[in-house]
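# What the coordinates show
If you want the building blocks of each chain, they are given just below.
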Amino acid sequence: NCIKKVTTYPGADIGSDHNPLKTIKRKIRTPKTDTTRLQDSKTRNKTTEDLNSKLNALTRSSSNNVDMQWNRLKKTINEVCLKNLNTTMNIKKNRWMTMEILELMEKRRLAKNEPTTYRQLQNSIKGKIKLAKAKWIKELCEET
């Protein structure tokens, strides 16, 4: 009696025998900039140099219209990001997730109707997650 409002979303990608009848229409995602690549000093320096040179060119050609200046600035930043930082469609919700784990999850999702393959993929995903999480925690401890 403590719960006042609940929302459910069909089609969760979990290890379950239940297959919902309703199909899910997935939204087309726009590519996101991979900002984790900025941790690499070489990539960060190159991106900073490119951004500084383009911003210097923008300040030389100033106009009085604020909207035009904002659009030019936004366009410049997006161009530099696209050039220097990879864009990724897979969104990692946790910092310890790797692309290998995300690819295995996608294979698992496609193997929903093959129980043995699904179970094998599920077990390998669990193992890889444990290793990746332990490695991430170890790196955090060493950093601190």
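Residues numbered from 1 in each chain as written. Predicted model: local features only at pLDDT ≥ 70, side-chain atom pairs only at ≥ 80, totals over all residues. Heavy atoms only, no water.

Taking an unreviewed UniProt entry as the reference, the chain is identified by name as Endonuclease-reverse transcriptase belonging to Cryptolaemus montrouzieri.

Along the backbone of the chain there are four helices and two strands. When its helices and strands are written in sequence order, the chain yields β-α-α-β-α-α. By residue count, 14% of the 144 residues in the chain fall in the buried class. At a minimum sequence separation of 6, the contacts of the chain that also span at least 24 residues come to 64%. Accessible area of the chain: about 12,500 Å², with a carbon and sulfur share of 53%. (Helix = DSSP H or I, 4+ residues; strand = E, 2+ residues; numbered from the N terminus. Buried < 20%, exposed > 50% of the residue type's maximum accessible area, 1.4 Å probe, protein only. Contact = heavy atoms within 4.5 Å. Areas by Shrake-Rupley, 256 points an atom, 1.4 Å probe, with all protein chains shown as cover.)

Further remarks concern the nonpolar core. In this structure, Trp96, Met97, Ile101, Leu102, Leu104, Ala111, Leu121, Ile125 and Ala132 together form the largest nonpolar core, which totals nine residues. Those elements that place two or more of their residues in this core are helix 3 (99-110) and helix 4 (115-143). Those residues in contact with Ala111, other than ones at most four positions away along the chain, are Thr117, Tyr118 and Leu121. (Core = buried A, V, L, I, M, F, W, Y, C linked by side-chain atoms within 4.5 Å.)

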